[in-house]
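Structural features, examined
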Amino acid sequence: CPPMTTPMPGPRRPRMGFMVPIAEGNMNGKTPRWADFVAMAQAAEAAGFDSLWFADHLLYRFPEVDESGPWEALSIIAAIAAVTKRIEIGALVACTSFRNPALLAKMADTIDEISGGRFILGLGAGWHQPEYDAFGYPFDHLASRFEEAVTIITGLLHEGRVNFAGHYYTARDCTLRPRGPSPRGPRILIGAKQPRMLRLVAKHADAWNTCWHDDPQAVADAWKNALTACADTGRDPATLELTVGAVAALLAPDEARKPDGPKIAGSPEEVAKGLMGFAEVGATHLIVHGAPRDAAGIERYGEVIRLMDEMAG
């Protein structure tokens, strides 16, 4: 008889997050109201999701597309923190241009307190000029502004105090009091693509996010650039978490794939297999921009998570 063998385990199942619709028309064509946010958050906890994520924008204006707007993200996040118990809640990503950086650190520490340490502070430099113009924020030198902002934010969250005077921002003898439950403040995730921003990721972030993807190979290629930034700054890449915004569509049994839809689409088995491909390139936390986008749809993803657990077993 041939010797008995134990199957080798597959890649570990990434932690699973869901990108919550926050703007007009984004909840399967409807605008989410507060009751919908509560229902989606509670459905995500019940389905086994590890995190919920909210985009931070003020207004959407694109050519040949109707104007739309989202709810203010950090207000929603703070409220969701108060009506959930287990799940982490993150901003993907909070724009440092929209709020004074010292105030943003203060808000983050407060949400850390409300959530009992479940808040993840995602940070980004911003990119959509129409919302800057409409709300009166400068759109120049976004990377330089971000670098100063993140210096203030990390200084305050990590040390509780900062004394900084830059070209764009100042925080003179500024302290955070009282402090939330996390000794160094909430974990910091930065979304970035360009070399300068990636070096700031390597210098300041606990996690890096790349999005939006339906092909694991694209993530592997992007991760090479992050590794270069780590080498340039002396950062051990093993200490930087790779998070991925993944696009997927969970289809009903009689629902056809859309020609312009994501590659990861179909039955729970097909979606689970597609998402596990990101684990094979090193992703440890997936943030699913998934369809359907409501409480019932989120509930259906519970089967996807269960199947991914089996695949990882």
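Residues numbered from 1 in each chain as written. Predicted model: local features only at pLDDT ≥ 70, side-chain atom pairs only at ≥ 80, totals over all residues. Heavy atoms only, no water.

Here we come to helix H3 (residues 101-115). The first and last C-alpha atoms of H3 sit 21 Å apart over 15 residues, in line with the 21 Å expected at 1.5 Å per residue. The set of residues buried in H3 consists of Pro101, Ala102, Leu104, Ala105, Ala108, Asp109, Ile111, Asp112 and Ser115. Buried residues along H3 sit against helix H2 (73-82), strand E5 (119-124), helix H5 (142-159) and strand E7 (170-175). Measuring from the backbone nitrogen of Ala102 back to the side-chain oxygen at the start of H3 gives 2.9 Å, which picks out Asn100 as the cap. Looking at the residues trailing H3, positive phi occurs at Gly116, about 70°. (Helix = DSSP H or I, 4+ residues; strand = E, 2+ residues; numbered from the N terminus. Expected span 1.5 Å × (residues − 1). Buried < 20%, exposed > 50% of the residue type's maximum accessible area, 1.4 Å probe, protein only. Contact = heavy atoms within 4.5 Å. Polar contact = N/O pair within 3.5 Å; in protein donor to acceptor, adjacent residues only side chain to side chain.)

In this section: the nonpolar core. What tends to happen in soluble globular proteins is that the nonpolar side chains get buried as a cluster. Counting 91 residues, the largest nonpolar core has Phe49, Phe54, Leu123, Trp208 and Leu275 as its most contacted members. Broken down by element, this core gets its largest block of residues, 8 residues, from H5. Contact partners of Leu123, with chain neighbours within four places excluded, come to Val93, Ala94, Thr96, Leu104, Phe146, Val150, Ile153, Ile188, Leu189, Ile190 and Gly191. Counting 10 residues, the second-largest nonpolar core is a separate cluster that includes Met19, Leu92, Ile120 and Ala207. (Core = buried A, V, L, I, M, F, W, Y, C linked by side-chain atoms within 4.5 Å.)

On inspection of all chains with the given rule, the structure shows 1 cavity of 30 Å³ or more. Taken as a whole, the largest cavity spans an internal volume of roughly 40 Å³. When contributions to the lining of the largest cavity are tallied by element, the ones reaching two or more residues are strand E8 (187-191) and strand E10 (241-250). Of the residues forming the lining of the largest cavity, the biggest block, 3 residues, is contributed by E8. Its residues assigned to classes, the lining of the largest cavity comprises 5 nonpolar, 2 polar and 3 charged. (1 Å grid on protein atoms, 1.4 Å probe; cavity = no way out; pocket = protein on both sides within 12 Å on 5 of 7 lines; lining within 4 Å. Points joined across faces, edges and corners; volume = space filled by probe spheres on them. Nonpolar A, V, L, I, M, F, W, Y, C, P; charged D, E, K, R; others polar.)

Keep in mind that these numbers describe shape and distance, not what the molecule does.
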